[in-house]
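Close look at the chain arrangement
Chain by chain, the residues:
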Amino acid sequence: MDQVKQTPAKAISILRHAEKLFAHKGFEATSVREIAHAAKVNVAMISYYFGSKEKLLEKLFEKRMTSGLEFVQQIMESPELNEWQKMTVILRNYVNNIFHAQNFYLVMLSTQVTTKNKRILALLRRTRLNYIELFDLFALLGVEKRLFKYRPDPYLLQSTIIGSLYYALQMKPVFKDHSKNHQSLAEFDEEYFNKLFEYLKNILATLLGYEDN
């Protein structure tokens, strides 16, 4: 499969429209014809670039998740940042990714419990294990350097942070309605995700026993 950066602009447009349809209608309920209509291409173009709707979904996951892992790799190799700074930069990037690609993460939440696609499941598993191992490594190094007091269970740490993020995304419309917030959706989203980042950062600091000196 071609690298993400080599994906043609027309194929990226198809992915973007498919992502939106999958998020609002569901993968199974969305037809290839609907995707073609939304992207203003003929059905044959989707077959040409992706082969099938299932392969299109695979490419969508690959595109979104590969970029996140590439960013993490860059942060890992940064000598200017300590373990706390690396963890919070990665957390900030993850929150930003969800903020800017809400449709994809809604697709991911539904797909992960319904799909039997082994390629997608393997990609999800590998990505999550990478984050678990990375945060556990940072916690260990931080304790050794006396930056942190604790090294929390990496699986429960992952569940706390990622579980909170995904639940907050799913419940966002309910929270906006309940709070009777009259901001535009764009204004509400920006404030909501900024608060979410600060909240999760505080949880992370507490679990690690980190104190900002």
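Everything discussed here concerns the structure shown above.
What this report covers is the structure whose coordinates are included nearby. What you see is a predicted model; the values in this text were computed from it and never measured. (Residues numbered from 1 in each chain as written. Predicted model: local features only at pLDDT ≥ 70, side-chain atom pairs only at ≥ 80, totals over all residues. Heavy atoms only, no water.)

Let's shift gears to the nonpolar core. Within the largest apolar cluster, 60 residues are counted, with the highest numbers of intra-cluster contacts made by Phe22, Leu56, Phe61, Tyr105, Leu165 and Tyr166. Residue contributions to this core peak at 10 residues, all from helix α9 (residues 185-208). (Core = buried A, V, L, I, M, F, W, Y, C linked by side-chain atoms within 4.5 Å. Buried < 20%, exposed > 50% of the residue type's maximum accessible area, 1.4 Å probe, protein only. Helix = DSSP H or I, 4+ residues; strand = E, 2+ residues; numbered from the N terminus.)

Let us now look at the packing of aromatic side chains. Taken as a whole and judged by the stated rule, the model has 15 aromatic pairs. Aromatic pair Phe148 and Tyr210: ring centres 6.0 Å apart, planes at 80 degrees, arrangement edge-to-face. Taken together, the positions of Phe148 in the loop between α7 (118-144) and α8 (154-178) and Tyr210 in the segment after α9 put the pair 62 residues apart, joining distant regions of the chain. For Phe148, a relative accessible area of 3% gives the class buried. By the ring-pair criterion, three or more aromatic residues cluster together here, those being Phe61, Tyr94, Phe104, Tyr105, Tyr131 and Tyr166. Arg92 extends its terminal NZ or CZ atom over the ring of Phe197, reaching a point 4.3 Å from the ring centre. (Phe/Tyr/Trp six-rings, centres within 6.5 Å; stacked < 30°, edge-to-face > 60°. Lys NZ or Arg CZ within 6 Å of the ring centre and 35° of its normal.)

So, on to a nonpolar patch on the surface. Residues Tyr167, Val174 and Phe175 make up a contiguous nonpolar surface patch of about 280 Å² in total accessible area. Among the secondary structure elements, Phe175 is positioned in helix α8. On the basis of relative accessible area, Phe175 is assigned to the partly exposed category, the value being 34%. (Patch = residues over 30% accessible without salt bridge, like charges linked within 9 Å, V, L, I, M, F, W, Y side chains within 5 Å. Areas by Shrake-Rupley, 256 points an atom, 1.4 Å probe, with all protein chains shown as cover. Salt bridge = Lys/Arg side-chain N within 4 Å of Asp/Glu carboxyl O.)

Evaluation of the coordinates by the stated rule reveals one cavity of 30 Å³ or more. In terms of lining residues, the largest cavity is bounded by Ile90, Leu91, Tyr94, Tyr131, Ile132, Phe135, Pro154, Leu157, Gln158, Ile161, Ile162 and Leu165. Listed by contribution, the elements that provide at least two residues to the lining of the largest cavity are α5 (83-100), α7 and α8. Here the lining of the largest cavity takes six residues from α8, the largest share from any one element. Taken together, the residues of the lining of the largest cavity sort by class into 11 nonpolar, one polar and no charged. (1 Å grid on protein atoms, 1.4 Å probe; cavity = no way out; pocket = protein on both sides within 12 Å on 5 of 7 lines; lining within 4 Å. Points joined across faces, edges and corners; volume = space filled by probe spheres on them. Nonpolar A, V, L, I, M, F, W, Y, C, P; charged D, E, K, R; others polar.)

Positive phi, normally seen in glycine, also occurs at Arg146, with a value near 60 degrees. The residue Arg146 is located in the loop between α7 and α8 in this model. Overall, Arg146 belongs to the exposed group, its relative accessible area being 79%. One non-glycine residue with positive phi stands out, namely Lys180, at about 55 degrees. Looking at where Lys180 falls in the secondary structure, it is placed in the loop between α8 and α9.

The subject of this paragraph is the layout of surface pockets. Roughly 260 Å³ of internal volume is contained in the largest pocket. Ala23, His24, Gln102, Asn103, Leu106, Leu169, Lys172, Pro173, Lys176, Leu185, Phe188 and Asp189 together form the lining of the largest pocket. Of all the secondary structure elements, the ones that give two or more residues to the lining of the largest pocket are α1 (9-25), α6 (102-114), α8 and α9. When residues of the lining of the largest pocket are assigned to their parent elements, the largest contribution, four residues, is made by α8.

A full pass over the atoms with the stated rule returns 11 salt bridges. For Arg119, the salt bridge goes to Glu58, with nearest N and O atoms at 3.6 Å. In this pair, Arg119 sits in helix α7 while Glu58 sits in helix α4 (residues 53-76), placing the two residues 61 residues apart along the sequence. For Glu58, a relative accessible area of 8% corresponds to the buried category.

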